[in-house]
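Observations on chain architecture
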Amino acid sequence: MIDLVKHTPETDSAGSARQKAVDTGMALTLLCLIAALVTHKPGWVVSATTLLVVNMTAPKLFAPAAKLWFGLSAVLGAVMSRVILTLVFFLVLTPMGLLRRAMGKDTLKLAAFKQGTDSVFVVRTERFTPADLKTPF
């Protein structure tokens, strides 16, 4: 997998870790409030208020939960992207390729390439203009 963001000590600064801890505290507060709406029990509101006060005064207490949460999200992101791309390949691209083959389409001219020793390179003799480069397709 290509990781476009380089994770170095410079990019994972203390401010970033603190922000992740604050975000985790807010997410836990939100989960408690949603539980309060669903269950109609006042204990969830008390828990949400307590979490919010702790998050505002000492967000570093949420650092272990943030590390676990963001680690789990990285693993899920790596796994799910592969699962989704595999499903797209086998459920969309493979049937499309088989359908094109059944209809006799040969876009890459592979049949002509396999028949002889000649090249399948198409020689184009027209002169290209700047307008052709603006809309190449």
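Fair warning: this is a prediction, and the values are worked out from it, not measured in the lab.

When its secondary structure is counted, the protein chain shows 5 helices and 0 strands. The order of α-helices and β-strands along the protein chain, N terminus first, is α-α-α-α-α. Split into buried and exposed, the 137 residues of the protein chain put 10% on the buried side. Considering only contacts in the protein chain between residues 6 or more positions apart, those separated by 24 or more positions represent 49%.

Let's shift gears to helix H3 (residues 63-102). Helix length check: H3, at 40 residues, gives a terminal C-alpha distance of 57 Å against a target of 58 Å (1.5 Å per residue), a fit within 8%. Phe-89 marks the point of greatest bend in H3, at about 30°. Among the residues trailing H3, Gly-104 stands out with phi positive, at a value near 85°.

On to the side chain of Asn-55. Mapped onto the fold, Asn-55 is located in helix H2 (residues 42-57). Its relative accessible area of 5% is what places Asn-55 among the buried residues. Every residue in contact with Asn-55, bar those within four places of it in the chain, is listed here: Ala-21, Val-22, Gly-25, Met-26 and Phe-62.

Positive phi is not limited to glycine here, since His-40 has a value of about 60°. Assignment of secondary structure puts His-40 in the loop between helix H1 (14-39) and H2.

This model, assessed by the stated rule, comprises 1 aromatic pair. When the ring of Phe-89 is compared with that of Phe-90, the centres are 5.1 Å apart and the planes differ by 85°; the resulting orientation is edge-to-face. Over the ring of Phe-70 we find Lys-20, and its NZ or CZ is 5.3 Å from the ring centre.

When pLDDT is averaged along the protein chain, the result is 85, and 88% of the positions lie at 70 or above. When pLDDT is averaged over each helix and strand of the protein chain, the minimum, 74, is found for helix H4 (residues 110-115) and the maximum, 94, for H2.

Moving on, we come to the side chain of Thr-29. Here Thr-29 lies in helix H1. Note on Thr-29: relative accessible area 5%, which makes it buried. Aside from chain neighbours lying at most four places away, what touches Thr-29 is Ala-48, Leu-51 and Leu-52.

So, how was this worked out
- Residues numbered from 1 in each chain as written.
- Predicted model: local features only at pLDDT ≥ 70, side-chain atom pairs only at ≥ 80, totals over all residues.
- Heavy atoms only, no water.
- Helix = DSSP H or I, 4+ residues; strand = E, 2+ residues; numbered from the N terminus.
- Buried < 20%, exposed > 50% of the residue type's maximum accessible area, 1.4 Å probe, protein only.
- Contact = heavy atoms within 4.5 Å.
- Expected span 1.5 Å × (residues − 1).
- Bend = angle between axes of the 7 residues up to and from the residue.
- Phe/Tyr/Trp six-rings, centres within 6.5 Å; stacked < 30°, edge-to-face > 60°.
- Lys NZ or Arg CZ within 6 Å of the ring centre and 35° of its normal.
- pLDDT = per-residue confidence, 0-100.

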